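Listed below are the residues making up each chain.
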Amino acid sequence: MMSEITREDMHIPKIGIVREIIQETPDVKTFRINAPDGSPLFDHMPGQCAMISVPGVGEGMFSIPSSPTNKEYMEFSIKMCGCLTSFLHSIEPGQMVTVRGPLGNHFPVESEFKGKDILVIGGGIGIAPVRSVVKYMLDHREDYGRIDVVYGARSKEDLVYYEEMSKEWPKVPNTYVHLTIDREQEGWDGPVGFVPNYVKELNFPTDKTVIMCGPPIMIKFTLAGLMELGFQKEQVYTTMELRMKCGIGKCGRCNIGSKYVCKDGPVFRFDELDELPNEY
């Protein structure tokens, strides 16, 4: 269980030290960060986010792909795509940053997901927000049914957490990983094709709870495919953390209708999104 965190605690940036940097893909690195004394920065739950800042460079909102069961460090998997992320990709271990969080709500791993068969669907860097859910469930394996993970990227080299997903997760009982890449390439003998089509080909039974994150176009067509298979929107969860900016409901940039993604999300069921204006 996550310990009680006050709103004031969430607003105060904490100093973090980058202890280790892992090159996941050509443009994605995972940063392992903890407090200067080696303790965790703060407690969180799967699906929550944090604001990473480097004074004089910038700040950005990132999902937390590590599980709250990991008390050694907190991980952030960051794709190089702007000023802050380019700076972070250039640093070495020992760099000091500030981290503010945890921000937003979380996937209901302690309530709605318990006892259910779970289908996790990810595309590209969209695997990062849902990895925390998978890691949490694997560390509490007896609380969940069958776990299927479907993940796709442009090429084998772009599959984030490839070694972990292909070698470690399938060793856990009743856990299955299905990887695909967009186009055929030398050295890849696995499935080839886009995630929406691959999900339909796998033809999962419709008694699963679905967790999905990826590029908007992937989510759109994968959701349509799930509906064709007979899934209901009440079964499907997603995260909209990419819309979060300040994280505390002040800037208004994540507002959709009556909701603020940073305060009411970023985790939503798709039937909840149907109640909002067609802006997401």
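Please refer to the structure placed before this passage.
Calculation rules
Residues numbered from 1 in each chain as written. Predicted model: local features only at pLDDT ≥ 70, side-chain atom pairs only at ≥ 80, totals over all residues. Heavy atoms only, no water. Salt bridge = Lys/Arg side-chain N within 4 Å of Asp/Glu carboxyl O. Core = buried A, V, L, I, M, F, W, Y, C linked by side-chain atoms within 4.5 Å. Buried < 20%, exposed > 50% of the residue type's maximum accessible area, 1.4 Å probe, protein only. Helix = DSSP H or I, 4+ residues; strand = E, 2+ residues; numbered from the N terminus. Phe/Tyr/Trp six-rings, centres within 6.5 Å; stacked < 30°, edge-to-face > 60°.

(A) Structural context of the pattern of salt bridges. Using the criterion set out here, one finds 14 salt bridges in the structure. Salt bridges sharing partners connect three or more residues here, namely Glu20, Arg32, Glu75, Arg131, Lys135 and Glu164.

(B) Up close: the nonpolar core. Phe107, Val109, Phe113, Val120, Tyr151, Met165 and Ile211 are the most contacted members of the largest nonpolar core, which totals 33 residues. Looking at this core, the elements with two or more residues in it are strand 7 (118–123), helix 3 (127–139), strand 8 (147–153), strand 9 (175–181) and strand 10 (209–213). Counting residues per element, this core draws most heavily on helix 3, at eight residues.

(C) Looking closely at the packing of aromatic side chains. Per the stated rule, a full pass over the model turns up two aromatic pairs. Ring geometry for phenylalanine 107 versus phenylalanine 113: centroids 6.4 Å apart, planes at 35°, classification tilted. With a relative accessible area of 0%, phenylalanine 113 lands in the buried category. Pairing phenylalanine 113 with tyrosine 237 gives two aromatic rings, centres 5.1 Å apart and planes at 85°, and the pair type is edge-to-face. Linking phenylalanine 113 in the loop between strand 6 (96–103) and strand 7 with tyrosine 237 in strand 11 (residues 236–239), this pair joins segments that are 124 residues apart in sequence. Of the two residues, phenylalanine 113 and tyrosine 237, both sit in the buried class.

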